[in-house]
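Summary of structural features
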Amino acid sequence: MIQDTLAFKVSKTNNSKLSQVDWENLPFGKVFSDHMLVMEYADGKWQTPEIMPFENLSMHPATSALHYGQSIFEGMKANRMVNGDIQIFRPEMNAKRFIESCERMCMPVIPEELFVELVRKTVEFDADWVPNREGYSLYIRPFLIATDEFVGIRPSETYKFIIFTCPVGAYYSQPVNVKVEEHYTRAASGGVGRAKTAGNYAASLFPAKLAQEKGFHQLLWTDAKEHKYIEESGTMNICFVIDGKLITPSEDEDTILRGVTKRSVVDLAKKWGIPVEERKVTVEEIVDAARNGKLQDAFGAGTAATIAHVAKLGFRDEIFELPSIESRDFSNKIKTYLDDLKAGKIADEFGWCFKV
Ligand SMILES: *Cc1c(COP(=O)(O)O)cnc(C)c1O
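The residue count restarts for each chain, going from 1 along the sequence in the order it is written. Reporting of local features is limited, given that this is a predicted model, to residues whose pLDDT is at least 70; pairs of side-chain atoms are given and counted only at 80 or more, and all residues count toward the totals for whole chains, interfaces and linings. Only hydrogens and water are set aside when side-chain values are computed; all heavy atoms of the structure are taken into account.

1. Re the environment of Leu 6
This is how it is decided: Numbering goes from the N terminus for both helices and strands, where a helix is a DSSP run of H or I of at least four residues and a strand is a run of E of at least two. A simple rule labels every residue: compare its accessible area, found with a 1.4 Å probe on the protein chains alone, to the largest value its type can have, and call it buried under 20%, exposed over 50%, or partly exposed in between. Here a residue-residue contact requires only that any non-hydrogen atoms of the pair lie within 4.5 Å.
By secondary structure assignment, the location of Leu 6 is in the loop between α1 (2-5) and β1 (9-10). Relative accessible area serves as the criterion here: at 24%, Leu 6 is assigned to the partly exposed category. When the C-alpha atoms of Leu 6 and Met 52 are compared, they prove to be 16 Å apart, with 46 residues separating the residues in sequence. If near-sequence neighbours (up to four positions away) are discounted, Leu 6 is found in contact with Leu 114, Glu 117 and Leu 118.

2. Some points on the pairing of strand β10 (residues 176-180)
Definition in use: We treat two strands as partners when DSSP finds at least two bridges between them. We call a crossover right-handed when, viewed with the strands running away from us, the connection from the first strand over the helix to the second turns clockwise.
Across the 5 residues of β10, 5 count as buried, placing the element largely inside the fold. Residues Val 176, Val 178 and Val 180 of β10 are buried on one face, and the alternating residues Asn 177 and Lys 179, pointing to the opposite face, are buried as well. With 4 bridges joining them, β10 and strand β17 (residues 306-315) adopt parallel strand pairing. Bridge assignment links Asn 177 to a residue of β17, and that residue is Lys 312. As defined by bridge partners, β10 adjoins strand β11 (residues 218-222) across 3 bridges and the pair is classed as parallel. When the bridges of β11 are listed, Lys 179 appears paired with Leu 219. As a crossover connection, the stretch from β10 through helix α5 (residues 198-213) into β11 is right-handed.

3. Some points on the packing of helix α6 (residues 260-271) against helix α8 (residues 329-342)
Two numbers describe a pair of packed helices, the interaxial angle and the distance between the axes. The line we're drawing: Every axis corresponds to a line fitted to the C-alpha atoms, with the helix fit spanning only the stretch in contact, and the corresponding angles, defined between N-to-C directions, vary from 0 to 180 degrees. Any angle that falls under 35 degrees is termed roughly parallel, while one over 145 is termed roughly antiparallel, one within 65 to 115 roughly perpendicular, and all others oblique. Each residue is assigned to one of three groups, with Ala, Val, Leu, Ile, Met, Phe, Trp, Tyr, Cys and Pro labelled nonpolar, Asp, Glu, Lys and Arg labelled charged, and all others, Gly among them, labelled polar.
It is the contact of α6 with α8, at a shortest axis distance of 11 Å, that shows an interaxial angle of 110°. In terms of axis orientation, α6 runs roughly perpendicular to α8. Residues Val 265, Leu 268 and Ala 269 of α6 pack against Phe 330, Ile 334, Tyr 337 and Leu 338 of α8. Counted by class, the contact of α6 with α8 contains 7 nonpolar, no polar and no charged residues.

4. Considerations on empty space enclosed by the protein
Defined as follows: Residues are said to line a cavity or pocket when one of their atoms sits within 4 Å of a point; the points come from a 1 Å grid over protein atoms alone, cavities being sets where a 1.4 Å probe fits but cannot get out and pockets being open sets with protein on both sides within 12 Å along at least five of seven lines. Grid points are joined across faces, edges and corners, and a volume is the space filled by probe spheres set on the points. Where each domain starts and ends follows an automatic or database-derived domain assignment.
What the rule picks out here adds up to 1 cavity of 30 Å³ or more. Looking at the largest cavity, its volume works out to about 70 Å³. Surrounding the largest cavity, Gly 75, Met 76, Lys 77, Phe 89, Asn 94, Val 260, Thr 261, Thr 303 and Lys 342 form its lining. A class-by-class count of the residues in the lining of the largest cavity yields 3 nonpolar, 4 polar and 2 charged. Composition of the lining of the largest cavity by domain shows at least three residues from each of domain 1 (2-169) and domain 2 (176-342).

5. What to know about the site of the ligand
Operational definition: Whether a residue is near a molecule or strand depends on its heavy atoms: if one lies within 4 Å, it is near. In protein, a polar contact means a hydrogen-donor-capable atom and an acceptor-capable atom, both N or O and within 3.5 Å, with residues adjacent in sequence counting only if both atoms are side-chain atoms; elsewhere, any N or O pair within 3.5 Å suffices. All accessible-area figures derive from a Shrake-Rupley calculation using a 1.4 Å probe, and residue coverage is judged against the displayed protein chains alone. Occupancy of a cavity or pocket is assigned to a molecule whenever over half of its atoms lie within 2 Å of that pocket's grid points.
Residues in contact with the ligand amount to 14 residues; listed here are only the nearest, Lys 196, Tyr 201, Glu 232, Thr 261 and Thr 303. Arg 97 places a polar side-chain atom, nitrogen or oxygen, 2.8 Å from an oxygen atom of the ligand. Contact distances for the ligand include 2.8 Å between an oxygen atom and a backbone N or O atom of Val 260. Relative to its unbound accessible surface of 380 Å², the ligand loses 96% to contact with the protein. Applying the majority rule of atoms within 2 Å of the grid points places the ligand in the second largest pocket. Contributions of two or more residues to the shell around the ligand are made by β13 (236-242) and α6. Tallied by class, residues from the shell around the ligand come to 4 nonpolar, 6 polar and 4 charged.

6. Remarks on the nonpolar core
Threshold: The nonpolar core is taken to be a set of buried Ala, Val, Leu, Ile, Met, Phe, Trp, Tyr and Cys residues, with the residues joined through side-chain atoms within 4.5 Å.
Counting residues in each nonpolar core, the largest one holds 51 residues, and the members touching the most others are Val 123, Leu 144 and Phe 161. If you look at the next biggest cluster of nonpolar residues, it comprises 22 residues, including Leu 220, Val 281, Leu 295 and Phe 320.

So, to be careful, I would describe these as geometric facts and stop short of saying anything about function.
Shown next as structure tokens:
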């Protein structure tokens, strides 16, 4: 077992910032816990991981990741349970996805068990930073960057893997307005859409900015070839409910990020006897359903927000108002279930929660 044998270097801060946190006004992703984990890759292997005080990195200006984008990340959350214990939601799924991202971007793989143990150790070390308040959690950001000091295009030979954490409150307090994007694209078949790699997010900023200028929060991405099929929304997977059926774009497409939250939504729907269709979803059928008042629900699924209800759907010059949030029985039930599960208020029937 990795637990028994894994060597760590540890240096503890003597200047904790915990007492300075303003819990009432906690902005998402701007407050950082005391420590971070750093593990270097050199000479063809992973070096001893080190937990150290959270601090700036010093980098050579030619650091490969900054120029050529070999940079991938993950996002997950640790929660304080009502009994005071800490658990992480399905981290092995993030570990598996991280491996896929590594492979696609020609980066050295971190074995699943090692990844999960490094995450566990990082959270355990800053356990005091896992908030003890309803709706709050500790966001965990593992990432991997190429560190060769070199101008030229080839896979780096050295890397830095880092995990830091942020105490956070609720992500979206309000439902979101989304617009169907028919020109710009997030990902094309054969590209890197399935990898959680930095450039995907940079590429989405400009189209998202244009949508924001029109009063939308996010885009509903469509396929790059025909703009006929719906793929994702912003950095969340998208789900619809029509005629009591859960409909969501199939992840067989390599343009869609395989989300842990979406997978959990689908698993729950199946368990609860709700019909699920994972398939190609056309813009046309969703717009038609919205126009005819048959679109009962639309929501984004992702770690940061868990469930983000769509309030308004924009398509070309039309804007459709979706049913009231209170009427969204399925997504409200999912949200409550996942919140309660993470808080340890209900039994973990699927074995999704990983104890720290
Ligand atoms: C991270 C991410 C998601 C959501 O994945 P989760 O594992 O549920 O957090 C969906 N789409 C994109 C593009 C993402 O980057």
